[in-house]
Amino acid sequence: MKKGDWLAIVIIGAAVGLLSQPILATVSGAFGMVLTFKLRLAIFIAFVILAPLALFIVYLFGKLAPVIYQFGKFAAVGVLNTFVDVGVLNLEILAFGTPSGWTYSLFKTVSFLASTTNSFLWNKYWAFNSQEPANTRETLKFYGVALIGLILNVALASYVFSSIGRPVTIAPNLWANIGALVGVAAAFIWDFIGYKYFVFKKSAERA
């Protein structure tokens, strides 16, 4: 692994550790749990340590086929994007209360746009190692792929949250997060295929 990859994955681990905090605050309340400062700190440190370890393992497998390591970097960015998406959603919930109906779709749209901007920067300059400055054509292609991802993400998250009956044993805030994760999962594979073979095709071929 290059030094730049080590630094990038540590930053990703730290960012995930920080973004996990509003998620923990919301979800722990649904279970009636109290998170101490020591436990929160331990979770943060765990992400900082485990992220580089996981990528290093993928790097070893990547010696068999370079695309494995590239997918591992994309997956690491995907994890960060997930936490940006769900973390921003939970910040909105903490700030404005549990959403209902169309407000949930609005919350999810805002959180998705935040994660998509994050995704563009990390995927372009790290996962797919683009050496070219961002240009209008590439940016438009990226957001075109992301728009389809947005439709998959928000539509499925909203469907799970609003149309599927919430089990009485699951709190509304927890159900909101379950819906968000369903949306993220639906868009993940689409995004990798779209970014690798359409948006960053030349960079992907060099990697």
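Look up: the structure comes first, before these words.
The model shown is predicted, which means the values in this text are computed figures rather than measured ones.

1. Observations regarding a nonpolar patch on the surface
On the surface, Phe 37, Leu 41, Ile 45, Ile 49, Leu 50, Leu 53, Ile 57, Phe 61, Leu 64, Val 67 and Ile 68 cluster together into a nonpolar patch covering about 1100 Å² of accessible area. Those elements that place two or more of their residues in the nonpolar patch are helix 2 (37-62) and helix 3 (66-96). It is helix 2 that contributes the most residues to the nonpolar patch, 8 residues altogether. Here Phe 37 is to be found in helix 2.

2. A short note on the layout of surface pockets
By volume, the largest pocket amounts to about 280 Å³. Lining the largest pocket are 14 residues; nearest its centre among them are Lys 2, Asp 5, Tyr 69, Lys 73 and Asn 129. Secondary-structure elements contributing two or more residues to the lining of the largest pocket are helix 1 (3-30), helix 3 and helix 4 (102-127). Broken down by element, the residue count for the lining of the largest pocket peaks at 4 residues, all from helix 3.

3. Quick word on the nonpolar core
Membership of the largest hydrophobic core comes to 42 residues, with the highest contact counts inside it found for Ile 12, Trp 126 and Tyr 195. Of all the secondary structure elements, the ones that give two or more residues to this core are helix 1, helix 2, helix 3, helix 4, helix 5 (136-163) and helix 6 (172-199). The element contributing the most residues to this core is helix 3, with 11 residues. Ignoring sequence-local partners within four residues, the contact set of Trp 126 consists of Gly 4, Asp 5, Ala 8, Ile 9, Ile 12, Leu 55, Lys 73, Ala 76, Val 77 and Leu 121.

Rules of the game
Residues numbered from 1 in each chain as written. Predicted model: local features only at pLDDT ≥ 70, side-chain atom pairs only at ≥ 80, totals over all residues. Heavy atoms only, no water. Patch = residues over 30% accessible without salt bridge, like charges linked within 9 Å, V, L, I, M, F, W, Y side chains within 5 Å. Areas by Shrake-Rupley, 256 points an atom, 1.4 Å probe, with all protein chains shown as cover. Salt bridge = Lys/Arg side-chain N within 4 Å of Asp/Glu carboxyl O. Helix = DSSP H or I, 4+ residues; strand = E, 2+ residues; numbered from the N terminus. 1 Å grid on protein atoms, 1.4 Å probe; cavity = no way out; pocket = protein on both sides within 12 Å on 5 of 7 lines; lining within 4 Å. Points joined across faces, edges and corners; volume = space filled by probe spheres on them. Core = buried A, V, L, I, M, F, W, Y, C linked by side-chain atoms within 4.5 Å. Buried < 20%, exposed > 50% of the residue type's maximum accessible area, 1.4 Å probe, protein only. Contact = heavy atoms within 4.5 Å.

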